[in-house]
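Summary of structural features
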Amino acid sequence: MFQYASAQNLTMSSGEPPKEDDSDGDLAIATKPKSKRPPLYKVLLLNDDYTPMEFVVHILEHFFSMTHAQAFEIMLTVHKKGVAVVGVFSHEIAETKVAQVMDFARQHQHPLQCTMEKE
Ligand code: TYC
């Protein structure tokens, strides 16, 4: 059944939870604004002794939209340090990137490893 908004309801359109009588102070935490940013995930590329440098550069260009210069730099960082973050994404996108890299490396019989971890 249709109902007109009451004057009280119209005062509650600010996006904040309704304020109640808090004379004993126990609602202070319950009324804290909830921020709901989705968690982000780092995609990591790991070094190995066998995957060709140019293959890694190609992956960074193709799956992570890097320029050749950016891709070469990140590849060298992984080669020297053992690991580097190659991107930060939502859980679903990070999973897709990891799967794409792992599938492509397997297809070409390279032992390249790509993983993800929560930021
Ligand atoms: N270490 C490899 C080589 O010398 C190159 C390489 C770089 C491999 C980055 C994996 O994620 C990697 N051919």
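No experiment lies behind these values; they were computed from the predicted model shown.

On the surface, a cluster of nonpolar side chains totalling about 210 Å² of accessible area is made up of Leu40, Val85 and Val88. On the secondary structure map, Val85 appears in strand β2 (residues 83–89). For Val85, a relative accessible area of 39% translates into the label partly exposed.

For the pair helix α2 (residues 53–64) and helix α3 (residues 68–81), the least separation of the axes is 8 Å and the interaxial angle reads 125 degrees. In terms of their interaxial angle, α2 and α3 are classed as oblique. Seen along the crossing, α2 lies across α3 with a hand that is right-handed. Contacts between α2 and α3 involve Met53, Glu54, Val56, Val57, Leu60 and Glu61 from the first element and His68, Ala71, Phe72, Ile74, Met75 and His79 from the second. Residues of the contact of α2 with α3, tallied by class, amount to eight nonpolar, two polar and two charged.

For the rest of this paragraph, the subject is the sheet that holds β2. If you walk across this open sheet you meet the three strands as β2-β1-β3, and the pairing is antiparallel. Each edge of the sheet is formed by a strand with only one pairing partner; in this case those strands are β2 and β3 (113–118). This sheet shows a mean twist of 30 degrees between the axes of neighbouring strands, independent of strand direction. Sheet topology places strand β1 (residues 41–46) next to β2; six bridges connect them, and they run antiparallel. Looking at the pairing, Leu46 lines up with Val83 of β2. Sheet contacts for α3: β1 and β2; angle to β2, the most-contacted strand, approximately 135 degrees.

Under the definition given, this model contains three aromatic pairs. The interplanar angle of 10 degrees and the centroid separation of 5.3 Å between the aromatic rings of Phe55 and Phe104 together place this pair among those described as stacked. With a gap of 49 residues between them, Phe55 in helix α2 and Phe104 in helix α4 (residues 91–107) connect regions that are remote in the sequence. Both residues of the pair, Phe55 and Phe104, belong to the buried class. For the pair Phe64 and Phe89, a centre-to-centre distance of 6.3 Å together with 45 degrees between the ring planes defines the contact as tilted.

The next point concerns the pattern of salt bridges. One pass over the structure, following the stated rule, counts two salt bridges. Lys42 is the salt-bridge partner of Glu117, the closest N and O atoms lying 3.3 Å from each other. Remark: Lys42 occurs in strand β1 and Glu117 occurs in strand β3; sequence separation between them is 75 residues. Given the relative accessible area of 37%, Glu117 is considered partly exposed. The class of Lys42 is partly exposed, set by a relative accessible area of 21%. Ionic pairing is found between Asp103 and Arg106, a salt bridge with its closest N-O pair at 3.3 Å. Of this pair, Asp103 and Arg106 both sit in helix α4, separated by three residues, roughly a single helical turn.

Quick notes on the rules
- Residues numbered from 1 in each chain as written.
- Predicted model: local features only at pLDDT ≥ 70, side-chain atom pairs only at ≥ 80, totals over all residues.
- Heavy atoms only, no water.
- Patch = residues over 30% accessible without salt bridge, like charges linked within 9 Å, V, L, I, M, F, W, Y side chains within 5 Å.
- Areas by Shrake-Rupley, 256 points an atom, 1.4 Å probe, with all protein chains shown as cover.
- Salt bridge = Lys/Arg side-chain N within 4 Å of Asp/Glu carboxyl O.
- Helix = DSSP H or I, 4+ residues; strand = E, 2+ residues; numbered from the N terminus.
- Buried < 20%, exposed > 50% of the residue type's maximum accessible area, 1.4 Å probe, protein only.
- Axes fitted to C-alpha atoms, helices over the stretch in contact; angles between N-to-C directions.
- Parallel < 35°, antiparallel > 145°, perpendicular 65-115°, else oblique.
- Left-handed = near helix turned anticlockwise from the far one by under 90°.
- Contact = heavy atoms within 4.5 Å.
- Nonpolar A, V, L, I, M, F, W, Y, C, P; charged D, E, K, R; others polar.
- Pairing = 2+ DSSP bridges.
- Phe/Tyr/Trp six-rings, centres within 6.5 Å; stacked < 30°, edge-to-face > 60°.

Everything listed here is a matter of coordinates, which is why it stays silent on function.
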